[in-house]
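One-letter residues, chain by chain:
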Amino acid sequence: MADNLIPIDDTLGGLAEELQKLMKLVDPHQRDDKELARLLLIRLKIDGLERTRAYLVEKTRAADACGYTGRLYDYLKDDTEARSCQGEGS
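Cut-offs used in this document
Residues numbered from 1 in each chain as written. Predicted model: local features only at pLDDT ≥ 70, side-chain atom pairs only at ≥ 80, totals over all residues. Heavy atoms only, no water. Axes fitted to C-alpha atoms, helices over the stretch in contact; angles between N-to-C directions. Helix = DSSP H or I, 4+ residues; strand = E, 2+ residues; numbered from the N terminus. Parallel < 35°, antiparallel > 145°, perpendicular 65-115°, else oblique. Left-handed = near helix turned anticlockwise from the far one by under 90°. Contact = heavy atoms within 4.5 Å. Phe/Tyr/Trp six-rings, centres within 6.5 Å; stacked < 30°, edge-to-face > 60°. Buried < 20%, exposed > 50% of the residue type's maximum accessible area, 1.4 Å probe, protein only. Lys NZ or Arg CZ within 6 Å of the ring centre and 35° of its normal. Salt bridge = Lys/Arg side-chain N within 4 Å of Asp/Glu carboxyl O. 1 Å grid on protein atoms, 1.4 Å probe; cavity = no way out; pocket = protein on both sides within 12 Å on 5 of 7 lines; lining within 4 Å. Points joined across faces, edges and corners; volume = space filled by probe spheres on them. Nonpolar A, V, L, I, M, F, W, Y, C, P; charged D, E, K, R; others polar.

Asker: Sorry, what's going on with the packing of helix H3 (residues 34-47) against helix H4 (residues 49-65) here?
Answerer: Describing two packed helices takes the angle between their axes plus the distance from one axis to the other. Relative orientation of the contacting elements H3 and H4 amounts to 135 degrees, with a least axis distance of 7 Å. One element, H3, and the other, H4, form an angle in the oblique class. Considering the relative orientation of H3 and H4, their crossing is right-handed. Contact residues: Leu 40, Arg 43, Leu 44 and Asp 47 in H3; Leu 49, Arg 51, Thr 52, Tyr 55 and Leu 56 in H4.

Asker: I keep staring at the packing of aromatic side chains and nothing clicks. Help me out?
Answerer: Aromatic ring pairs are described here by two measures, namely the spacing of the ring centres and the angle between the planes. Within this structure, the stated rule accounts for one aromatic pair. Pairing Tyr 68 with Tyr 75 gives two aromatic rings, centres 5.0 Å apart and planes at 50 degrees, and the pair type is tilted. Given the relative accessible area of 18%, Tyr 68 is considered buried. Over the ring of Tyr 55 we find Arg 43, and its NZ or CZ is 3.6 Å from the ring centre.

Asker: Honestly, the pattern of salt bridges in this entry has me stumped. Any pointers?
Answerer: Any two side chains of opposite charge can pair, so long as their charged atoms come close to each other. Tallied over the full model, the rule gives seven salt bridges. The salt bridge involving Asp 47 is made with Arg 43; its shortest N-O contact spans 3.1 Å. You can see Asp 47 and its partner Arg 43 sitting in helix H3, four residues apart, about one turn around the helix. Among the salt bridges present, the one from Arg 71 reaches Asp 74, with a minimum N-O distance of 3.9 Å. A relative accessible area of 31% places Arg 71 in the partly exposed class.

Asker: Would you mind going over the environment of Tyr 75 with me for this structure?
Answerer: With respect to the helices and strands, Tyr 75 occurs in helix H5 (residues 72-77). Residues Tyr 75 and Ala 62, 13 residues apart in the sequence, show an inter-C-alpha distance of 9.8 Å.

Asker: Explain the layout of surface pockets to me, please; I cannot follow it from the model alone.
Answerer: If a probe as big as a water molecule is rolled over the atoms, it shows which places are left empty. Of the voids in this model, the second largest pocket is the one considered here, and its volume is about 170 Å³. If you trace the second largest pocket, you find it lined by Leu 25, Val 26, Asp 27, Gln 30, Thr 60, Ala 63, Asp 64, Tyr 68, Thr 69, Gly 70, Arg 71 and Leu 72. Ranked by residue count, the leading element in the lining of the second largest pocket is H4, at three residues. Taken together, the residues of the lining of the second largest pocket break down into five nonpolar, four polar and three charged.

See below:
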């Protein structure tokens with residue numbers, strides 16, 4: 001499946017600097033996560049820098065608050081990790 005992915009560098013266009021700013025908000029141990037970068041790039045293209053930054057900060061704080069220690073990408077990509085962290089009723 002990885003062979004089908006378009007390299008991030010090919011899709012950045014003028015968003016390279018903005019993506020770098022977002023990745024600085026991510027834990028240093030996860031900054032090299034290409035799947036996380038792709039996810040943020042998609043949100044960046046759709047929502048713009050400020051909305052994506054707010055989203056990332058909100059989700060990172062929520063993950064920290066519940067003691068989530070897995071990949072941030074897994075927490076962000078769907079609600080399964082967030083629900084398991086916060087409980088199904090939240």
